[in-house]
Amino acid sequence: MPHTRTACLPGVPSWVSLTTRSLDAAMDFYGPLLGWRFEPARGRCGAGARALAGETAIAGINAVAPEWELPVTWTTYFGIESADAAVARIQERGGTVAVGPLESEAGRLALAADPAGAAFGLWECHTAPRENTSPLLGGSAVWVELRTRDAFEAAFFYDGVLDWDRRRSAEYVIRWEEDRVVLDFHGSTVATLYGGAVEATADPRLRPRWTVFFSVPDTEATLRTAEKLGGRTIDRPSRTAFGRMATLRDPEGGVFCVVSGHS
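Everything numeric here is computed off the predicted structure, so don't read it as measured data. Along each chain, residue indices are assigned from 1 in the same order as the chain's sequence is written. Local features in this predicted model are restricted to residues whose pLDDT is 70 or higher, and side-chain atom pairs enter the listing and the counts only when it is 80 or higher, whereas totals over whole chains, interfaces and linings include all residues. In computing side-chain properties, one takes all heavy atoms of the structure into account and sets aside hydrogens as well as water.

### Digging into the pairing of strand β11 (residues 172–177)
Right, so step 1: At least two DSSP bridges between two strands are needed for those strands to be called paired. Only DSSP runs of H or I with at least four residues qualify as helices, and only runs of E with at least two residues qualify as strands; both kinds are numbered from the N terminus onward. Direction of pairing for β11 relative to strand β12 (residues 180–185): antiparallel, over a ladder of six bridges. By the bridge assignment, Val173 is partnered in β12 with Asp184.
Right, so step 2: Here β11 folds back onto β12, and the loop between the two strands holds two residues, one of which, Glu178, carries a positive phi near 55 degrees.

Structural data, given as structure tokens:
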């Protein structure tokens, strides 16, 4: 049966992808945990799969050889009109471009890091999205959060790279909310930038990074399932303005968050 694809939308998070050492282990964990099924896909560096929620492709998984010693991590891709122009803006503003732009079946992709070291991706779309299409469709990632040292500096960098300021204010709204910079798209929060106390240590929670939040029906039940599947709870559930959330680590070390009650 044909499926739809999460839309590439300029300036907002439009795709998430897991880099892992074992494709089978990742599917065995995330499938029952988040209710995903999978189809084969060509990975950047080896075997890959697309995760499907219903008939919608909402995330990618790429397996790399263990000897490469790449970290197991989730990467957030932001839509952009021109990957070449965005790459130039990243370099002008003190960021680092690691890969690309490269051609892929979905469009042109690049991998980069902001000046604090948080990695992210760019996705230049081949086709225009439908009107009022929402990013990060339900049953998957509902928003992403940058955990960094200085939220204001980070917002200045990403604004320059992703052109948030020049976009229509009715669709794209940037605002301060307590200790976070918040990006709203069509009235829904799609990204937050949090200036917490992070340090350059081996603990992935304490390094500047983009963290993906997956919507689940029940946070506590999800934690119990994750632990049965070999995952670990890093931060126990807490109630926030966004819902009841917790932080987990998958069996190979990939860090992500789950949230229930998110609207």
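From this point on, the discussion continues.
### Observations concerning the sheet that holds strand β17 (residues 255–260)
Right, so step 1: Taken together, eight strands build an open sheet; the order of strands is β11-β12-β13-β10-β14-β17-β16-β15 and the sheet is mixed. Looking at strand neighbours, the two that pair on one side only are β11 and β15 (232–240), the edges of this open sheet. Taken over all neighbouring pairs, the strand axes of this sheet differ in orientation by 25 degrees on average, direction set aside.
Right, so step 2: Pairing between strand β14 (residues 209–215) and β17: three bridges, direction parallel. Paired with Ser215 across the two strands is Val259, which belongs to β17. Axes here refer to lines fitted to C-alpha atoms; in helices the fit is confined to the stretch in contact. Angles between the N-to-C directions go from 0 to 180 degrees.

### Concerning the environment of Ala151
Right, so step 1: When you line up the elements, Ala151 lands in helix α3 (residues 151–162).
Right, so step 2: A C-alpha to C-alpha distance of 9.9 Å links Ala151 and Trp176, two positions 25 residues apart in sequence.
Right, so step 3: Note on contacts: a residue pair qualifies if any of its non-hydrogen atoms lie within 4.5 Å across the two residues. Apart from residues lying up to four places away in sequence, Ala151 is in contact with Trp176, Val181, Leu193, Tyr194 and Gly195.

### Remarks on the packing of aromatic side chains
Here the distance between the centres and the angle between the planes together describe a pair of aromatic rings.
Right, so step 1: Aromatic rings from Phe, Tyr and Trp, with only the six-membered ring used for Trp, were paired whenever their centres fell within 6.5 Å, and each pair was classed as stacked if the ring planes differed by under 30 degrees, edge-to-face if by over 60, and tilted otherwise. For the structure on display, the rule yields 21 aromatic pairs.
Right, so step 2: Note on Phe78 and Phe120: the rings are 6.4 Å apart at their centroids and 75 degrees apart in plane angle, and the pair reads as edge-to-face. On the criterion of sequence distance, the pair formed by Phe78 in strand β6 (residues 73–80) and Phe120 in strand β9 (residues 119–125) is long-range, its members being 42 residues apart. One exposure class covers both Phe78 and Phe120, and it is buried.
Right, so step 3: Plain terms: the ring middles of Phe120 and Phe157 are 6.3 Å apart, the flat faces sit at 80 degrees to each other, and that makes the pair edge-to-face. Pair noted here: Phe120 is in strand β9 and Phe157 is in helix α3, with a separation of 37 residues, a long-range link.
Right, so step 4: The rule is simple: take the accessible area with a 1.4 Å probe, protein chains only, and divide by the maximum for that residue type; under 20% is buried, over 50% is exposed, in between is partly exposed. Phe120 gets classed as buried once you look at its relative accessible area, which sits at 1%.
Right, so step 5: Counting every residue linked through ring pairs, the aromatic cluster contains Phe29, Tyr30, Trp36, Phe38, Trp74, Phe214 and Phe256.
Right, so step 6: Any Lys NZ or Arg CZ that is within 6 Å of a ring centre and within 35 degrees of that ring's normal is treated as a charge sitting over the ring. Over the ring of Tyr194 we find Arg180, and its NZ or CZ is 4.4 Å from the ring centre.

### Describing the pairing of strand β13 (residues 188–195)
On any regular strand, side chains alternate: one points to one face of the sheet, the next to the other face.
Right, so step 1: Summarising the sheet, strand β10 (residues 141–148) and β13 pair through five bridges and their orientation is parallel. In the sheet register, Thr148 faces β13, and the bridge partner there is Gly195.
Right, so step 2: Of the strand pairs in this sheet, β12 and β13 are connected by six bridges, and their pairing is antiparallel. Each bridged residue has a counterpart across the sheet, and for Val181 the counterpart in β13 is Leu193.
Right, so step 3: Between β12 and β13, which pair antiparallel in sequence order, lie two residues; one of them, His186, sits at a positive phi of approximately 55 degrees.

### Some remarks on the pattern of salt bridges
Between side chains of opposite charge, pairing is possible as soon as their charged atoms come close.
Right, so step 1: A pair is scored as a salt bridge if a Lys or Arg side-chain nitrogen falls within 4 Å of a carboxyl oxygen belonging to Asp or Glu. Within the structure shown, the criterion is met by 14 salt bridges.
Right, so step 2: Close ionic contact of Arg93 with Glu92 constitutes a salt bridge, the shortest N to O distance being 3.4 Å.
Right, so step 3: Residue class for Arg93 comes out partly exposed when judged on its relative accessible area of 35%.
Right, so step 4: Residue Glu92 is classed as exposed on the basis of its relative accessible area, which comes to 62%.

### Here we look at the packing of helix α2 (residues 83–92) against α3
Right, so step 1: One way to put it is that α2 packs onto α3 with a least axis distance of 8 Å and a crossing angle of 150 degrees. By the angle between their directions, the pair α2 and α3 is classed as roughly antiparallel. Every pair of crossing elements has a handedness; the one defined by α2 and α3 is right-handed. Two secondary-structure elements touch here, α2 through Ala86, Arg89 and Ile90 and α3 through Phe157, Gly160 and Val161.
Right, so step 2: Side-chain classes follow a simple rule in which Ala, Val, Leu, Ile, Met, Phe, Trp, Tyr, Cys and Pro form the nonpolar group, Asp, Glu, Lys and Arg form the charged group, and the remainder, Gly included, forms the polar group. Split into classes, the residues belonging to the contact of α2 with α3 amount to four nonpolar, one polar and one charged. Between 65 and 115 degrees an angle is taken as roughly perpendicular, under 35 as roughly parallel, over 145 as roughly antiparallel, and anywhere else as oblique. Here a crossing is called left-handed whenever its near helix is offset anticlockwise from the far helix by less than a right angle, and right-handed whenever the offset is clockwise.

### Side note on helix α1 (residues 23–34)
Right, so step 1: Expected span of a helix, by definition, is 1.5 Å for each gap between consecutive residues, and there is one gap fewer than residues. With 12 residues, α1 should reach 16 Å at 1.5 Å per residue; the first-to-last C-alpha distance of 16 Å fits that figure.
Right, so step 2: Of all the residues in α1, the buried ones are Leu23, Ala26, Met27, Phe29, Tyr30, Gly31, Leu33 and Leu34.
Right, so step 3: In the segment just after α1, Gly35 is the residue with positive phi, at about 75 degrees.

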